[in-house]
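Listed below, chain by chain, are the residues.
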Amino acid sequence: MRRRNLLTGVVAAGATAAFGAKPAAAAPVDLDVALFRLPQAEPMPLPRLVGQIAAARQDYCATQYTRLRQVLPGLIASATATRDASSGRAREKADMALARSYVLAAELATKQHSDAAWAAADRALAAARCSGIPVAVGEASRQLAIAMRRSGRSTAAVHLLTKEAADLDASRDHTGAVRTTLLLTGAYSAATSRDRTTALSLLEEAEQETSRHPAVPGLFTVEATRTQVDAYRISVLNALGTPDKAVEVAARLNVDRMPTAERRARAWTDVARMWNALGDSKQTFAALRRVEQEAPQEVRRPALRALTAGLLYGPTRIEGLREFADRTGALVA
């Protein structure tokens, strides 16, 4: 019971402390290098640390990746120093803070197709398990599973996600939301290995969970909502090689209801991939333009630059595409 109460307290602290929090010092080193050689840092009061992590999380959700990349090494170093200097309940809270800082590092590394996501996710899960807080364990498990999936170990990723989901109390709003997110990630992981039965089963289970619990804003970088389920359904159907079945889902998807720029950009990315798989270059480009409108830094990611380059050198001439490709770095992709 104490840890369940602690869960709610830390989440609330993250939300309230973010405003006015002084950002962590920018680090000149590359994030991939910094994970293995953190800068020197001193412990700081836990509320300040939680506030800085909440602010960094807001940068991620707003797709401010350049700023986040500069802030994270110092933030992880401060979280590590604070955890090492703490004991008792304060150490549990510091472990959760450290886990969430590493989760952000893993998410950012994944965006850049960096193998550093493995190290960050592994460290996040170790700290999360020390905290004993379900939200932290769920976040970190999801990131480790994504790293596993991207290295070709989709089946192992699904096993990890479903096991962690089964261990969560589905009757509580916070842990129920965590469980839903793990199921969604598991559905997409199964789809990438063309396990249609498992993918659709996990997707339907996640959809049922969203009807049992209210959304918990700010809990994860991925919201456990019906809209998010539909976005994942497009991803799953794309991965299963049936993008034609995703068209109806995309038509009803209200992307504007998604609360963060990162999630809206991801939804439009999946729509772009759907149209690209269907051979509709103009609709693909239209969706990519929506990604750029939501999040200019997102459209410069390696995967989206490659998609843009594919359109540029494809058979269909599209007005404005070359300027878009030049603006987003796809001409040198």
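Here, the structure is the one placed above.
Calculation rules
- Residues numbered from 1 in each chain as written.
- Predicted model: local features only at pLDDT ≥ 70, side-chain atom pairs only at ≥ 80, totals over all residues.
- Heavy atoms only, no water.
- Helix = DSSP H or I, 4+ residues; strand = E, 2+ residues; numbered from the N terminus.
- Expected span 1.5 Å × (residues − 1).
- Buried < 20%, exposed > 50% of the residue type's maximum accessible area, 1.4 Å probe, protein only.
- Core = buried A, V, L, I, M, F, W, Y, C linked by side-chain atoms within 4.5 Å.
- Contact = heavy atoms within 4.5 Å.
- Phe/Tyr/Trp six-rings, centres within 6.5 Å; stacked < 30°, edge-to-face > 60°.
- Lys NZ or Arg CZ within 6 Å of the ring centre and 35° of its normal.
- Axes fitted to C-alpha atoms, helices over the stretch in contact; angles between N-to-C directions.
- Parallel < 35°, antiparallel > 145°, perpendicular 65-115°, else oblique.
- Left-handed = near helix turned anticlockwise from the far one by under 90°.
- Nonpolar A, V, L, I, M, F, W, Y, C, P; charged D, E, K, R; others polar.
- Salt bridge = Lys/Arg side-chain N within 4 Å of Asp/Glu carboxyl O.

### Observations regarding helix α11 (residues 226-239)
In a regular helix each residue adds 1.5 Å, so 14 residues correspond to 20 Å; α11 covers 20 Å between its end C-alpha atoms and thus fits that length. With respect to burial, α11 is a largely interior element, 13 of its 14 residues being buried. Directly beyond the C-terminal end of α11, a positive phi value near 80° is found at Gly241.

### As for the nonpolar core
Ranked by size, the top nonpolar core spans 74 residues in total, and within it Leu35, Leu49, Leu72 and Val236 carry the most contacts. With near-sequence residues (within four places) excluded, Val236 lies in contact with Ala187, Tyr188, Ala191, Ala199, Leu200 and Leu203. Counting residues in hydrophobic clusters, the runner-up holds 31 residues, among them Ala267, Leu312, Ile318 and Ala325.

### As for helix α4 (residues 65-84)
Here α4 contains 20 residues, and its C-alpha end-to-end distance of 28 Å stays within 8% of the 28 Å for a straight helix at 1.5 Å per residue. Extensive coverage of α4 is indicated by the burial of 15 of its 20 residues.

### Focus on the environment of Ala120
If you trace the backbone, Ala120 turns up in helix α6 (residues 116-131). When the C-alpha positions of Ala120 and Leu35 are compared, they lie 7.3 Å apart, and in sequence the two are 85 residues distant.

### Some details on the packing of aromatic side chains
According to the stated counting rule, one finds two aromatic pairs in the structure shown. With a centroid separation of 5.9 Å and an interplanar angle of 50°, the aromatic rings of Tyr60 and Tyr65 are classed as tilted. The same class applies to Tyr60 as to Tyr65, namely buried. Aromatic pair Phe285 and Phe324: ring centres 5.3 Å apart, planes at 85°, arrangement edge-to-face. With Phe285 in helix α14 (residues 281-294) and Phe324 in helix α16 (residues 321-328), the pair connects residues that are 39 residues apart, well separated along the chain. Taken as a pair, Phe285 and Phe324 share a single burial class, namely buried. We note Arg123 situated over the ring of Phe36; from NZ or CZ to the ring centre the distance is 5.3 Å.

### Brief notes about the packing of helix α9 (residues 173-192) against helix α10 (residues 196-212)
The geometry of α9 relative to α10 is characterised by a closest axis approach of 8 Å and an angle of 160° between their N-to-C directions. By the angle class used here, α9 and α10 are roughly antiparallel. Crossing of α9 over α10 shows left-handed handedness. Mapping the contact onto sequence places Arg179, Thr180, Leu183, Leu184, Gly186, Ala187, Ala190 and Ala191 in α9 and Thr198, Ala199, Leu202, Leu203, Glu205, Ala206, Glu209 and Thr210 in α10. In terms of residue class, the contact of α9 with α10 is made up of nine nonpolar, four polar and three charged.

### Brief notes about the pattern of salt bridges
This structure, assessed with the given rule, holds 23 salt bridges. One salt bridge connects Arg83 with Asp95, and the closest N-O pair in it is separated by 3.2 Å. A residue pair is termed long-range when its members are at least 10 positions apart, and Arg83 in helix α4 and Asp95 in helix α5 (residues 88-111) qualify at twelve residues. Across this residue pair, the class does not change: Arg83 and Asp95 are buried. Here the residues in one salt-bridge network are Lys111, Glu262, Arg263, Glu298 and Arg301, joined through shared partners.

### Comments concerning the side chain of Thr181
On the secondary structure map, Thr181 appears in helix α9. Those residues in contact with Thr181, other than ones at most four positions away along the chain, are Arg142, Phe220, Val222 and Ala224.

### What to know about unusual backbone geometry
The bulk of non-glycine residues show a negative phi, and the bulk of peptide bonds are trans. Residues other than glycine seldom take positive phi values, yet Thr63 does so here, at roughly 60°. Along the polypeptide, Thr63 turns up in the loop between α3 (46-61) and α4. Residue class for Thr63 comes out buried when judged on its relative accessible area of 2%. Unusually for a residue other than glycine, His113 sits at a positive phi of about 60°. Judged by relative accessible area, which is 40%, His113 ranks as partly exposed.

### A word on the environment of Thr316
For Thr316, the position within the fold is in the loop between α15 (302-312) and α16. Since its relative accessible area comes to 31%, Thr316 is described here as partly exposed. The spacing of Thr316 and Asp280 is 36 residues in sequence and 9.2 Å in space, taken between C-alpha atoms. Those residues in contact with Thr316 that lie beyond four places of it in its chain are Ser281, Lys282 and Leu311.

### Observations concerning the packing of helix α7 (residues 134-150) against helix α8 (residues 154-166)
Two measures define how a pair of helices packs: the angle their axes make with one another and the distance between the axes. Across the interface, α7 lies against α8 with an axial gap of 8 Å and an inter-helix angle of 170°. One element, α7, and the other, α8, form an angle in the roughly antiparallel class. For the pair α7 and α8, the contacting residues are Val137, Ser141, Arg142, Leu144, Ala145, Met148 and Arg149 in the first and Ser154, Ala156, Ala157, Leu160, Leu161 and Glu164 in the second.

### Describing the environment of Arg257
The residue Arg257 is located in the loop between α12 (247-252) and α13 (261-277) in this model. Along the backbone, Arg257 and Thr227 are 30 residues apart, and their C-alpha atoms lie at a distance of 7.4 Å.

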